[in-house]
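Next come the chains, spelled out residue by residue.
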Amino acid sequence: MFLLPGAERYRRVMVCSGIVVVLLVQAVVPWQPLEDRCNLFFGPLLRPLTAVSATVVEFVAPTPEPVSTSQALESSVLVAMERRLGKPQPLPGMEWLEVPVLAVEAAVGRITLAAGEDFHLGVGQIVAYGNQFLGRVSRVQLHQATVELVTAPNVRTGVLLTDSAGATTRGISLGRGRAGPAVLPWLQSSDQITAGLVLTWRPRPLDPPHLGAAHLFLGVTRQEGEVQRGNAAWVIEGPLPAGAEGRLYIAASAVGERLVAEPLQVRTLAQRLLLDDAVLGAGWCAVAASAAIAPTVLLDGGQVGGWCSSWRGNWGWFRRVAPAQWQQRAVALETTTGAVLELAKWQNVTPALPLFTRGGEGVPRGLWLGNSDAAALVPAAQFVVIVQQERVAGAD
Amino acid sequence: MSTPRLRVVLPVAVILTLFSPLFRQLPGGAGLPDLWLLLLLLAVPVPAPDSWRRPMQLVFVLGLLRCSVSVISPFVAWAGFGAALFVREALSRRLSEYRFSLRLLTGFCAAIPLVVLDRLAAERLGTPLAPMDALLRCLWVGVLVAVFTRPQLKSHAFTRGKS
């Protein structure tokens, strides 16, 4: 095709403009598969340059040896505490299976478990934490299961109400999801009902008979709305325990070989490259690993140093933040009472509490972050361990 | 028509890349200019050469080098560098290169796309870039481009051929 020089120039300009526009779109609205492929392709090529840059930086401005200000805690402390608080009373002929939680959607009354058919879970099994009834398994896949809580929309649960005189009344609760706590639309006798009465779970006729003897707690009664306006309703006040976001217990009358479905964790040695980002500045750490895995968190001396933001084949970038900056992704352990606290309860507490990872999004639960007033960890040059939790969500 | 002299530009870019983390660690380092963008704007002449092959190659290589020492995606660098060249080309055809203030304005505007994209990426990564730092980065690029691209400088280390 014959083109005038001017036209040819404009054609080239148009082609380059098109390329730049496409790149701009990708930069503003990143399409993750393309980013991942690009990182995987160019990452290993760029690693030598990053390593040389790290050597130069270390030579010019050596990193001081990190000094730990808080006493190291075992990462298993939270897990041990959750097991102690969370395992319900033993029942004759029944076993409580321990299943870690993958995701919690408390607003819609749904919890996703990190085990499924592979752990012999079945639809309809009851789920508890401590002496509290939470719901039932509603869906089972190969590697995960879904629990519908009492508060899930349209979930009906049998309740047993005990009044102040010790008399019991049967009733049914109805979950409302985002609309609020479960309501009590039907009670055998609503004459003696007052606020603050204890509600326990009532089994269905086909549930194993011993479950009824467990007297699992559901919550306490509370009145919502106004009686004069005619919109008053009795609701169940029973918040989800913080420890239930880590692991739940499922009643089973027949079990497999294992009673604990702990997700697989892969740990590998890694090496620190750069401690600063050349564009964003401090708060980042480039880490090289020998194995080509996609890690999620960085561990040094049993303490979590940061989470992975970008992985490029055999090296990547970790975000280094102070333990308190993990915010919603951290839980605190009240060492004296053993209570597991959420962000709102640990944020402004003095003295500082030890924080642990909350779990989910590939980050194992219960890894020690440090005390809530501690600064961001500076990982040592060597012996940095990367932890990877099997991404169960993608397996089904 | 002059084109970027890759044999000179690339080694300089690699050396800058090696020292760039130190550069950002300097006091007030967050407000210092983007070294790769600066090098690109100095290496690609105005008006742009007929063939955009060399400038685009440079955009690609500098983007990769930047990505080797930064968590920010190479797409951000490529888009920012490419947009910077286009903005500068469009402005330099309309504004006189004989006035320092207009050269500064051109350099400042050329730095804006990359800084905006960096801010977006930083926001996504949870480390927001302060507006003052972003402004300073643009200003630094504008000043340095205005100083080093004077029309009186007939020969340039980073380019070859005649303008």
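As the structure is a computational prediction, the values presented were derived from the model and not from experiment.

1. Some points on the overall build of chain A
Part 1: Secondary structure summary: chain A contains 4 helices and 22 strands in total.
Part 2: When burial is assessed residue by residue, chain A has 49% of its 396 residues classed as buried.
Part 3: For chain A, contacts bridging at least 24 residues in sequence account for 61% of all contacts bridging at least 6.
Part 4: As displayed, chain A offers around 19,300 Å² of accessible surface, 57% of which is attributable to carbon and sulfur atoms.

2. Quick notes on the side chain of glutamate 35 of chain A
Part 1: For glutamate 35 of chain A, the position within the fold is in helix 2 (residues 32-60).
Part 2: Buried charged residue glutamate 35 of chain A carries no salt bridge. Nearest counter-charge: arginine 124 of chain B, at 6.3 Å.
Part 3: Those residues in contact with glutamate 35 of chain A that lie beyond four places of it in its chain are Gln26 and Pro30 of chain A together with Ser73 and Phe75 of chain B.

3. Some details on the packing of aromatic side chains
Part 1: Scanning the model with the defined rule gives 9 aromatic pairs over all chains in all.
Part 2: With a centroid separation of 4.8 Å and 10 degrees between ring planes, the pair formed by phenylalanine 133 of chain A and tryptophan 201 of chain A is classed as stacked. Linking phenylalanine 133 of chain A in strand 4 (residues 132-140) with tryptophan 201 of chain A in strand 9 (residues 198-201), this pair joins segments that are 68 residues apart in sequence. Like tryptophan 201 of chain A, phenylalanine 133 of chain A is buried.
Part 3: Within the aromatic cluster, the residues linked to one another by ring pairs are Phe41 and Phe42 of chain A together with Phe60, Phe75 and Trp78 of chain B.
Part 4: Note that arginine 319 of chain A overlies the ring of tryptophan 284 of chain A, its terminal NZ or CZ placed 5.4 Å from the centroid.
Part 5: A cation over an aromatic ring shows up here: arginine 329 of chain A above the ring of tryptophan 307 of chain A, its NZ or CZ 4.6 Å from the ring centre.

4. Describing the pairing of strand 18 (residues 330-333) of chain A
Consecutive side chains along a regular strand alternate between the two faces of the sheet.
Residue and element names in this part refer to chain A.
Part 1: Residue alternation in strand 18 divides its side chains into two sets, Ala330 and Ala332 and Val331 and Leu333, and both sets are buried.
Part 2: In this structure, strand 18 lies alongside strand 20 (residues 354-357), joined through 3 bridges in antiparallel fashion. Pairing of alanine 330 across the sheet is with threonine 357, part of strand 20.
Part 3: With 2 bridges joining them, strand 18 and strand 19 (residues 340-341) adopt antiparallel strand pairing. In the sheet register, leucine 333 faces strand 19, and the bridge partner there is valine 340.
Part 4: Where strand 18 hands over to strand 19, the hairpin turn is made up of 6 residues, of which glycine 338 adopts a positive phi near 85 degrees.

5. As for unusual backbone geometry
Residue and element names in this part refer to chain A.
Part 1: Unlike most non-glycine residues, asparagine 154 shows phi in positive territory, near 65 degrees.
Part 2: Structurally, the position occupied by asparagine 154 is in the loop between strand 5 (145-149) and strand 6 (156-162).
Part 3: Phi is positive for histidine 215, close to 50 degrees, though the residue is something other than glycine.
Part 4: Within the secondary structure, histidine 215 is located in the loop between strand 9 and strand 10 (217-224).

Cut-offs used in this document
- Residues numbered from 1 in each chain as written.
- Chains lettered and ligands numbered in written order.
- Predicted model: local features only at pLDDT ≥ 70, side-chain atom pairs only at ≥ 80, totals over all residues.
- Heavy atoms only, no water.
- Helix = DSSP H or I, 4+ residues; strand = E, 2+ residues; numbered from the N terminus.
- Buried < 20%, exposed > 50% of the residue type's maximum accessible area, 1.4 Å probe, protein only.
- Contact = heavy atoms within 4.5 Å.
- Areas by Shrake-Rupley, 256 points an atom, 1.4 Å probe, with all protein chains shown as cover.
- Lys, Arg positive; Asp, Glu negative; His and termini not counted.
- Salt bridge = Lys/Arg side-chain N within 4 Å of Asp/Glu carboxyl O.
- Phe/Tyr/Trp six-rings, centres within 6.5 Å; stacked < 30°, edge-to-face > 60°.
- Lys NZ or Arg CZ within 6 Å of the ring centre and 35° of its normal.
- Pairing = 2+ DSSP bridges.

It is worth stressing that arrangement in space is one thing and function is another; only the former is reported here.
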